[in-house]
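Chain by chain, the residues run as shown.
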Amino acid sequence: MRLYKTLVAAALGTVMSVSGAFAETPADTLVIADAIDDIITLDPAEVSEVGGVLMSQQMYQPLVTFDPADPTKIVGVLAESWEVSEDGKTFTFTMNPDAKFASGNPVTAKDAEYSLQRVILLDSRISFILTQFGITKENVAEKIKATDDATLVIEVDQKYAQSFVLYVLSSFTGGIVDSVLVKEHEGTREDGSNDYGNAWLKADNSAGSGPYVLTKWDPKVSILMSRNENYWGEAPGVERIFLQHMPESATQRLALEKGDIDIANKLGPDDIGAVEGNADIQVLEGNSSTIYYMGANVRDEALSNPKVIEAMKYLIDYDGIAETIGRGTIKVHQTMIPDGFLGGNIDYNPYSFDLEKAKALLEESGVSLPITLDTVVWNVPPYPDYAQAVQATMAQAGINLDLQVVDGGPWLDRYRSHDLDIWVGLWGPDYPDPHSNAKAFTVNDATDPDGAKGNLADRFGWNSGPLSDQVLAAVQEQDTEKRAEMYEEIQRAHTDSSPFLYMFQDSRRVAMRSDVKGVVLGITFSDDRYGAVTKE
């Protein structure tokens, strides 16, 4: 704990006294503990790691957003209003004239044009979120265009469900940067191309219009943000937000109980139970769309056999893990779309632990047993606990999981480069539309056969057959009820045939000091909102 206090004090500089008693956090600073060793960038045009998105959301704002309590309500942020053409392909946004950046510059349609275009031009691993609309480097100047300072026009290639397009623009990828400021810091990449300020935004700099600005980022250690003194909305309630890398649940609990931190984002069930009833601590509950799953790389000869995959789905004690490890933090969920989303709530959980059935399937497969599978696991809760439980039950049928428990960086690197047999991880939708998950887990992209840009079906080497086209048809369906029915049919087939072993949907339970007010828990990937937080 002494090391942690020293790190906090060093990062906050004069805010805290290193020598003084550190019984509680400063009244003007919100201190959050989380696992942030996976963050490699805070540039909204390429950020995608859990902690990175969480921080990016406090600094950058999109054109539109949604109400976390009712995601069907889409509201304007930097856009005051919008219209959609009769053919459904052209979205015209009128900018909010009150919005301004931390620099004091007004937020204009030119900034939105620059920000969304640079996502495409940088060709980052999250550019797929916008390129899925048929927007390319070659046509982006025509497809995303400011016709004047107040008007932004976006043209998509097909008539999609309108809510889908708006949800995409509400994602972290849709964060708008101050183009005047960023252009001043544009550099050159190794290949000689414009970096559109990427290197500058990956250092201790930010250029957003959100309630906070970046002050200092010490990779794998901490992130310090300060109040945006030019914030155009209601002034943030605390001067600073300090995010500290602290992956261990027990360490977070101890720090929370002592008042060394204000929010513990990674408490396991034991520690949540231990702090409940403590008058100094509150436990906030919220909806979550995060799904825990195991991905099987079907490039492996044994895993390419569908009977082996099916057998593995019967070798997980879903109920046992939920009851003994999850204990109120998860529920069994075996489809790709979370409950609460359009197309979710279909209650299709066909698998339960059945050793004899699994053995029969393995015999039918003709695969020689035992087999050993390189299984990559993040070294923070709850992943090791889930992985060890599954390892124990799969071993009973001759499937040995070689658990390779690693830091967040290599955990993601090996997943993205499919340098593994099994990945134990999570998926949090990029936006609250079923296509976010359906596309990732199902659509095959011939231009990206290894899934480098986010298509997990390709990343794990799986050809989803007709399901890929069915997903692409569903996102164009204009009738909401029919669209939901299409996703239900797709999901049942997907759960039965895919190499993804869906296990649980998360239930948010976040512990924090009782004097912390105003935290809004998000439902999508790291969408918690701290702009209204106060400490009373």
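Residues numbered from 1 in each chain as written. Predicted model: local features only at pLDDT ≥ 70, side-chain atom pairs only at ≥ 80, totals over all residues. Heavy atoms only, no water.

The name given to the protein in an unreviewed UniProt entry is ABC transporter substrate-binding protein, with the source organism recorded as Devosia rhizoryzae. For the protein, the Subcellular location (unreviewed entry) comment in UniProt is given as "Periplasm". Per UniProt, the comment on the protein under Sequence similarities (unreviewed entry) is "Belongs to the bacterial solute-binding protein 5 family." (UniProt positions renumbered as here; feature names shortened; annotations may be inferred.)

Can you help me understand the overall build of the protein in this one?
Along its length, the protein carries 19 helices and 21 strands. A compact globule built from 536 residues should have a C-alpha radius of gyration of about 24 Å, and the protein, at 23 Å, falls within 12% of that. Along the first, second and third principal axes, the C-alpha set of the protein runs to 70 × 60 × 45 Å. Within the protein, counting contacts between residues at least 6 apart in sequence, those at least 24 apart form 70% of the total. Side chains of the protein give 43 positive and 82 negative charges; the mean places of these two sets differ by 2 Å. (Helix = DSSP H or I, 4+ residues; strand = E, 2+ residues; numbered from the N terminus. Rg over C-alpha atoms; globule rule 2.2 N^0.38 Å. Contact = heavy atoms within 4.5 Å. Lys, Arg positive; Asp, Glu negative; His and termini not counted. Charge placed at Lys NZ, Arg CZ, Asp CG, Glu CD.)

Just to check I follow, could you spell out the packing of helix H16 (residues 434-442) against helix H19 (residues 480-497) for this structure?
For any two helices packed against each other, one specifies the crossing angle of their axes together with the interaxial distance. One can describe the packing of H16 onto H19 by two numbers: an axis separation of 12 Å at closest approach and a directional angle of 30 degrees. When the axes of H16 and H19 are compared, the crossing they make is left-handed. On H19, the residues that touch Pro 434, His 435, Ala 438, Phe 441 and Thr 442 of H16 are Arg 483, Tyr 487 and His 494. Among the residues forming the contact of H16 with H19, the class breakdown is four nonpolar, three polar and one charged. (Axes fitted to C-alpha atoms, helices over the stretch in contact; angles between N-to-C directions. Left-handed = near helix turned anticlockwise from the far one by under 90°. Nonpolar A, V, L, I, M, F, W, Y, C, P; charged D, E, K, R; others polar.)

What is the right way to read helix H6 (residues 162-170) from this model?
Every α-helical turn comprises 3.6 residues, leaving residues that sit three or four positions apart pointing alike. For H6, the tally of buried residues reaches seven of nine residues, placing the bulk of the element in the interior. Within the sequence span of H6, burial applies to Phe 164, Val 165, Leu 166, Tyr 167, Val 168, Leu 169 and Ser 170. (Buried < 20%, exposed > 50% of the residue type's maximum accessible area, 1.4 Å probe, protein only.)

Any chance you could explain the side chain of Asp 448 here in plain terms?
Here Asp 448 lies in the loop between H16 and helix H17 (456-459). Although Asp 448 is buried, it forms no salt bridge, and the closest oppositely charged side chain is Arg 459 at an N-O distance of 6.6 Å. If sequence neighbours within four positions are ignored, Asp 448 has contacts with Lys 453, Gly 454 and Asp 458. (Salt bridge = Lys/Arg side-chain N within 4 Å of Asp/Glu carboxyl O.)

Honestly, the sheet that holds strand E16 (residues 399-406) in this entry has me stumped. Any pointers?
Consider a sheet: its strands pair through backbone hydrogen bonds, and that pairing is either parallel or antiparallel. The strand order across the open sheet built from six strands is E14-E18-E13-E17-E15-E16, with neighbouring strands paired in mixed fashion. Both outer strands of the open sheet, strand E14 (330-332) and E16, are each paired with one neighbouring strand and no more. The average undirected angle you get between the axes of adjacent strands in this sheet is 30 degrees. With three bridges connecting them, strand E15 (residues 371-378) and strand E17 (residues 422-427) associate as parallel partners. Among the inter-strand pairings, Thr 375 is bridged to a residue of E17, identified as Ile 422. (Pairing = 2+ DSSP bridges.)

Sorry, what's going on with the UniProt feature "domain: Solute-binding protein family" (unreviewed entry) in the protein here?
UniProt records the feature "domain: Solute-binding protein family" (unreviewed entry) at residues 73-443, using the numbering of this structure. With 31% helix and 23% strand, residues 73-443 has its two end C-alpha atoms placed 27 Å apart.

What's the story with the packing of aromatic side chains in this structure? I'm lost.
Geometrically, a pair of aromatic rings is defined through the distance of the ring centres and the angle of the planes. The final tally for this structure, using the stated rule, is 27 aromatic pairs. Arranged with centres 5.0 Å apart and planes meeting at 75 degrees, the rings of Phe 441 and Phe 500 form a pair that is edge-to-face. Of this pair, Phe 441 sits in helix H16 while Phe 500 sits in strand E18 (residues 500-506), and the two are 59 residues apart along the sequence. Here the guanidinium or amino end of Arg 459 rests over the ring plane of Tyr 415, the centre of that ring lying 4.5 Å away. Against the face of Phe 66 rests Arg 529, its NZ or CZ located 5.3 Å from the ring centre. (Phe/Tyr/Trp six-rings, centres within 6.5 Å; stacked < 30°, edge-to-face > 60°. Lys NZ or Arg CZ within 6 Å of the ring centre and 35° of its normal.)

What's the story with the pattern of salt bridges in this structure? I'm lost.
It is possible for side chains bearing opposite charge to pair when their charged atoms get close. Taken as a whole, this structure holds 23 salt bridges when the rule is applied. For Arg 492, the salt bridge goes to Glu 488, with nearest N and O atoms at 3.1 Å. Residue Arg 492 and its partner Glu 488 are both found in helix H19; the two are separated by four residues, about one turn of the helix. Across the pair Arg 529 and Asp 527 runs a salt bridge, and its minimum N-O distance is 2.8 Å. The partly exposed category is assigned to Arg 529, whose relative accessible area is 22%. When salt bridges with common partners are traced through the structure, they connect Glu 49, Arg 125 and Arg 416 into a single cluster.

Before we go on, may I ask you to explain the environment of Thr 173 in this structure?
Its place among the elements puts Thr 173 in the loop between H6 and helix H7 (179-183). When neighbours within four sequence positions are excluded, Thr 173 is seen to be in contact with Pro 44, Leu 116, Val 119, Ile 126 and Ile 129.

Honestly, unusual backbone geometry in this entry has me stumped. Any pointers?
Trans is the common state for peptide bonds, and a negative phi is the common state for residues other than glycine. Look at the link from Leu 369 to Pro 370: it is a cis peptide, with omega at 0 degrees. Following the sequence through the fold, Pro 370 ends up in the loop between helix H13 (355-365) and E15. In this structure, Asp 123 is a non-glycine residue whose phi angle is positive, near 55 degrees. Of note, Asp 123 is situated in the loop between helix H3 (109-122) and helix H4 (128-131). According to the relative accessible area criterion, Asp 123 is partly exposed, its value standing at 35%. With phi around 55 degrees, Asn 345 is a residue other than glycine that occupies positive phi space. On the secondary structure map, Asn 345 appears in the loop between E14 and H13.

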